[in-house]
Amino acid sequence: MFVLAHLSDPHLGPIPEARLSELLGKRFFGMMNWIGARRRNFGASTLAPLMADLAAQAPDHIAVTGDLVNVSLPAEFDTGATFLASLGPPDRVTVIPGNHDAYVRSALQYHLERWAPFLAGDDTHPDTPLDVDSFPFVRRRGPVAIIGVSTAIPTAVFLASGKAGRAQLDRLRAILRQVKAEGLFRVVLIHHPPVGERHSHRDLRDAAAVRAVLAEEGAELVLHGHDHRASLSRIPGPDGTIPVVGVPSASAGPEDGRGAGRYNLYRISGAPGAWACEMESRGYARGETAVGPRDVQVLLGAPSAVPA
Ligand SMILES: [Fe+2]
Ligand SMILES: [Fe+2]
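These figures come from a predicted structure and were not determined experimentally. (Residues numbered from 1 in each chain as written. Chains lettered and ligands numbered in written order. Predicted model: local features only at pLDDT ≥ 70, side-chain atom pairs only at ≥ 80, totals over all residues. Heavy atoms only, no water.)

Asks: Please clarify how the coordination of the iron ion (ligand 2) should be interpreted in this entry.
Replies: Expected angles at a metal are 109.5 degrees for tetrahedral coordination by four donors and either 90 or 180 degrees for octahedral coordination by six donors. For the iron ion (ligand 2), every protein donor is listed as D67 (OD), N99 (OD1), H191 (NE2) and H226 (ND1), and the spread of their distances is 2.1 to 2.3 Å. Coordination at the iron ion (ligand 2) is irregular, judged from the four donor atoms that bind it and the angles of 87 to 161° they form at the metal. In terms of primary sequence, the donors binding the iron ion (ligand 2) are separated according to D-x31-N-x91-H-x34-H. Between the iron ion (ligand 2) and the iron ion (ligand 1) the interatomic distance comes to 3.5 Å, and D67 is a ligand of both metals. Residue N99 is located in the loop between β3 (93–95) and α4 (110–114), and its partner H191 is located in the loop between β6 (185–189) and α7 (207–217); the two are separated by 92 residues in the primary sequence. We note that N99, like H191, is buried. (Donors = N, O, S within 2.8 Å, 3.2 Å for Na, K, Ca; no water. Tetrahedral: all angles 85-135°; square planar, octahedral: opposite > 155°, others 65-115°. Helix = DSSP H or I, 4+ residues; strand = E, 2+ residues; numbered from the N terminus. Buried < 20%, exposed > 50% of the residue type's maximum accessible area, 1.4 Å probe, protein only.)

Here is the structure:
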């Protein structure tokens, strides 16, 4: 049994003091958004108890699907690195960027530089600088291959859309084929959901192309953030449907309109052709301030047998 935890969109605060020149344009509006969110019980006071519960569950690995920061100021990436290190060592914690981690064009390098130990593939030499061509990366852990896709592209003010891009999708296709041949359980991490309908200002521009690659090559599990909502969809794959799971923001309080703060645990067992995966959702619930178990669903295979 391998236990993978998934959390997303912590949008860590506070936003550090910035030079006026850094706050012109898109960052200014992002800053106003963050101040508004804080008033809605969104932040460290809800994140810390959730992360304490996560640590107590002692998962084998933790996946963080982006939007760690808010307006991509340099100091926010140091806060992000501290947060990632608080979850565990880099070989047990994997991050991919979200749109807020590439909020403006001048900030594109920060996550690649400052979070490198957490988003470098197994075959990347520690001294090799990461760039957009480093995605997707692969990290093999026990029976699982964790495949990190980047949809983080800088966009104009009021836009939160993402794109994987043709070159990355060509590499994703080859990676999915390779790790299947190795007999591994394939988990794809992608910030923007490749399923569902949403306004064009915040969608995944090439969602259909991403789904086409998944439909051809398959994957056992796709995990995303961005919507700040709990969701479970299924998309066609070559060997049956592929579960696609979204999780609310880890910093959302019990009264958050999009969903109280949660993380998910995936208990993975079985073997190639007969994988089993059960998901447990843990966190807050509306009207309750304590963190606890909320929901269990079987995503793949038969429900796990209860010991007598
Ligand atoms: Fe987000
Ligand atoms: Fe996002």
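Asks: Even after reading the chapter, I still don't get the sheet that holds strand β4 (residues 137–141), so can you show me in this structure?
Replies: Backbone hydrogen bonds hold the strands of a sheet together, and the pairing may be parallel or antiparallel. One open sheet holds the six strands; their spatial order is β4-β5-β6-β7-β9-β8, and the pairing between them is mixed. In this open sheet, the two edge strands, each paired with only one partner strand, are β4 and β8 (231–237). Taken over all neighbouring pairs, the strand axes of this sheet differ in orientation by 20° on average, direction set aside. By the bridge criterion, five bridges tie strand β5 (residues 144–148) to β6 in an arrangement that is parallel. Note that in β6 the partner of V144 across the bridge is F185. Along the sheet, helix α6 (residues 166–181) contacts β4, β5 and β6; its crossing angle with β5, the most-contacted strand, is approximately 180°. In this fold α7 packs onto β6, β7 (221–224), β8 and β9 (240–246), with an angle of close to 60° to the strand it touches most, β8. (Pairing = 2+ DSSP bridges. Axes fitted to C-alpha atoms, helices over the stretch in contact; angles between N-to-C directions. Contact = heavy atoms within 4.5 Å.)

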